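Examining the three-dimensional arrangement
Chain by chain, the residues:
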Amino acid sequence: MATRADHFDTEIEALNYMMTIEPTVPLISLGGRSPLTPLPYDQFVKWKEENKFKEYDYKKMFEPGGTNPREVIYKKRY
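Small disclaimer: the values here were computed from a predicted structure and weren't measured.

1. Looking at the overall build of the protein chain
Helix and strand counts for the protein chain come out as two helices and zero strands. In summary, the protein chain has a C-alpha radius of gyration of 16 Å against a globular reference of 12 Å for 78 residues, an excess of more than 25%. Of the charged side chains in the protein chain, 12 are positive and 12 negative; the average position of the first set lies 7 Å away from that of the second.

Structure below.
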């Protein structure tokens, strides 16, 4: 379940954010903790490839044979 959504004005801003945050995600192999020293992004990508990690594909979460797959996040107004 999503806990927040970040908004970016450009794709470059979003990619820079991803490259900073993704190597710091908690890992099961670390007992659910983040690495103490995150890898540089290029090394992190190589590590993901070596471990056969796949990028999230929302279409695989949709019913087979269904139409119009999409993700929806609702935000309460305060």
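Here the narrative resumes.
2. A word on the packing of aromatic side chains
Per the stated rule, a full pass over the model turns up four aromatic pairs. On the basis of an interplanar angle of 45° and a centroid distance of 5.3 Å, the ring pair of F8 and Y17 is categorised as tilted. You can call Y17 partly exposed: its relative accessible area is 29%. In textbook terms, an aromatic cluster arises when at least three aromatic residues are bridged by ring pairs, as seen for Y41, F44, W47 and F53.

3. Topic: a nonpolar patch on the surface
A contiguous nonpolar patch, built from I12, L15, M18 and M19 and spanning about 340 Å² of accessible area, is present on the exposed surface. Inspection of the secondary structure puts M18 in helix α1 (residues 11–21).

4. With respect to unusual backbone geometry
Even without glycine at this site, K52 takes up a positive phi of about 55°. In this structure, K52 sits in the segment after α2 (41–50).

Rules of the game
Residues numbered from 1 in each chain as written. Predicted model: local features only at pLDDT ≥ 70, side-chain atom pairs only at ≥ 80, totals over all residues. Heavy atoms only, no water. Helix = DSSP H or I, 4+ residues; strand = E, 2+ residues; numbered from the N terminus. Rg over C-alpha atoms; globule rule 2.2 N^0.38 Å. Lys, Arg positive; Asp, Glu negative; His and termini not counted. Charge placed at Lys NZ, Arg CZ, Asp CG, Glu CD. Phe/Tyr/Trp six-rings, centres within 6.5 Å; stacked < 30°, edge-to-face > 60°. Buried < 20%, exposed > 50% of the residue type's maximum accessible area, 1.4 Å probe, protein only. Patch = residues over 30% accessible without salt bridge, like charges linked within 9 Å, V, L, I, M, F, W, Y side chains within 5 Å. Areas by Shrake-Rupley, 256 points an atom, 1.4 Å probe, with all protein chains shown as cover. Salt bridge = Lys/Arg side-chain N within 4 Å of Asp/Glu carboxyl O.

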